Amino acid sequence: MSLRIVVCVKYVPDATGDRHFAEDLTTDRDAVDGLLSELDEYAVEQALQIAGEADDAEITVLTVGPEDAKDALRKALSMGAHKAIHVEDDDLHGTDALGTSLVLTKAIEHAGYDLVICGMASTDGTMGVLPAILAERLGVPQVTLLSEVSVADGKVTGRRDGDTATEHLEASLPAVVSVTDQSGEARYPSFKGIMAAKKKPVESLDLSDLGIEADEIGLEGAWTAVDDATQRPPRSAGTIVKDEGEGGKQLAEFLAGQKFI
């Protein structure tokens, strides 16, 4: 029986772009280019490495988002994943982490899985809570924030590096894991991989396919909301200190006034 790996990925606004909120105080995703979240590339890479060590493994990449989110799936497919699932529905607009976890859970169960792999956080929301919520909803163990991960004999093992200690963790499959940006550089898609990705299957699902009601997700079903947002003020000119013999003293006073020293 093959090892079924599902990798959850997210299509996020480019962090180098001018990101801001739309009128309804949700992220304006149309105003900036999107891409596969960099932290999710590490999850795809670890899935590929695990699959390379297994006798028989299949990797499904899964995302929830608008039509453009297929770009994130194509990037993962070009890296080497076998197939993809895209959940798209207009009622998803404004869905928070809890709602997203519900949609992902239903899609993961639809796909079938032995191991779910996530990045440590998304580069837009940066909450980092989704893997734990997924594990709770699926009713399986979670082994999170791993810098090293492997699968053998029906178990997933990994290493979690903290500030003061290193933990070696183990869980029986099925399980949910998340990996950090220290788990190993993600590979670049080859030209062959990019061309092959165009022929790989991408299954499209909506809320009705997953048995989810519209009021369970979106802004209406969100447990969190942004009440107010203020645009970041333009950067002001810096303070110039002219050294006429007292420059060092002025610099020290400035740093002390800003509580840097």
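Read on for an overview of the structure. Source: prediction; values computed, not measured.

## Observations regarding the environment of Ser208
Mapped onto the elements, Ser208 comes out in helix α6 (residues 207–210). With relative accessibility at 58%, the residue Ser208 sits in the exposed group. Taking the C-alpha atoms as reference, Ser208 lies 42 Å from Gly162; in sequence the two are 46 residues apart. Here Asp206 takes part through its side chain, which lies 2.6 Å from a polar atom of the side chain of Ser208.

## Some remarks on the sheet that holds strand β9 (residues 155–161)
The 3 strands lie next to each other as β8-β9-β10, forming an open sheet whose pairing is antiparallel. Bordering the open sheet on either side are β8 (148–152) and β10 (166–172), each of which pairs with just one other strand. Looking at each pair of strands side by side, their axes are set apart by 15° on average, direction ignored. Examined bridge by bridge, β8 and β9 share 5 bridges and lie antiparallel to one another. Bridging across to β9, Ser150 finds its partner in Thr157.

## Let's talk about a negative patch on the surface
Together, Glu213, Asp215, Glu216 and Glu220 give the surface a local cluster of negative charge. By the secondary structure assignment, Glu220 is in helix α7 (residues 218–221).

## Observations concerning the side chain of Thr180
By the secondary structure assignment, Thr180 is in the loop between β11 (175–179) and α5 (191–197). Its relative accessible area of 11% is what places Thr180 among the buried residues. A distance of 3.1 Å separates a polar side-chain atom of Thr180 from the backbone nitrogen of Gln182. Sequence-distant contacts of Thr180, defined by excluding residues within four places in its chain, comprise Tyr42, Met120, Leu145, Leu146 and Ser147.

## Observations concerning the pattern of salt bridges
The tally for this structure, following the rule as stated, stands at 11 salt bridges. Its salt-bridge partner being Asp114, residue Arg4 comes within 3.2 Å of it at the nearest N-O pair. You can see Arg4 sitting in strand β1 (residues 3–8) and its partner Asp114 sitting in the loop between α3 (97–111) and β6 (115–119), a full 110 residues away along the chain. A residue is classified by how much of its surface remains accessible, and Asp114, at 16% relative accessible area, is buried. Between Arg187 and Glu45 there is a salt bridge whose closest N-O contact spans 2.8 Å. Placement of the pair is Arg187 in the loop between β11 and α5 and Glu45 in helix α1 (residues 38–53), with a sequence separation of 142 residues. Residue classification places Arg187 among the partly exposed residues on the basis of a relative accessible area of 36%.

## Brief notes about the nonpolar core
Core analysis: the biggest nonpolar cluster contains 38 residues, and Ile5, Val7, Ile59, Val61, Ile117 and Val156 have the highest contact counts within it. Among the secondary structure elements, those contributing two or more residues to this core are β1, α1, β4 (57–64), α2 (70–79), β6, β7 (142–146) and β11. With sequence-adjacent residues up to four places away left out, Val7 is seen in contact with Ala43, Val44, Ala47, Ile59, Thr60, Val61, Leu62 and Ile117. In this structure, Leu102, Ile108, Leu134 and Leu210 belong to the second largest nonpolar core, which totals 24 residues.

## Brief notes about the packing of α1 against α2
With their axes 10 Å apart at the nearest point, α1 and α2 run at an angle of 30° to one another. In terms of orientation, α1 lies roughly parallel with respect to α2. Between α1 and α2 lies a crossing of right-handed hand. When α1 is examined against α2, the residues Glu41, Val44, Glu45 and Leu48 are found in contact with a partner set consisting of Lys75, Ala76 and Met79. For the contact of α1 with α2, the residue count by class is 4 nonpolar, no polar and 3 charged.

Cut-offs applied
- Residues numbered from 1 in each chain as written.
- Predicted model: local features only at pLDDT ≥ 70, side-chain atom pairs only at ≥ 80, totals over all residues.
- Heavy atoms only, no water.
- Helix = DSSP H or I, 4+ residues; strand = E, 2+ residues; numbered from the N terminus.
- Buried < 20%, exposed > 50% of the residue type's maximum accessible area, 1.4 Å probe, protein only.
- Polar contact = N/O pair within 3.5 Å; in protein donor to acceptor, adjacent residues only side chain to side chain.
- Pairing = 2+ DSSP bridges.
- Axes fitted to C-alpha atoms, helices over the stretch in contact; angles between N-to-C directions.
- Patch = residues over 30% accessible without salt bridge, like charges linked within 9 Å, V, L, I, M, F, W, Y side chains within 5 Å.
- Areas by Shrake-Rupley, 256 points an atom, 1.4 Å probe, with all protein chains shown as cover.
- Salt bridge = Lys/Arg side-chain N within 4 Å of Asp/Glu carboxyl O.
- Lys, Arg positive; Asp, Glu negative; His and termini not counted.
- Charge placed at Lys NZ, Arg CZ, Asp CG, Glu CD.
- Contact = heavy atoms within 4.5 Å.
- Core = buried A, V, L, I, M, F, W, Y, C linked by side-chain atoms within 4.5 Å.
- Parallel < 35°, antiparallel > 145°, perpendicular 65-115°, else oblique.
- Left-handed = near helix turned anticlockwise from the far one by under 90°.
- Nonpolar A, V, L, I, M, F, W, Y, C, P; charged D, E, K, R; others polar.

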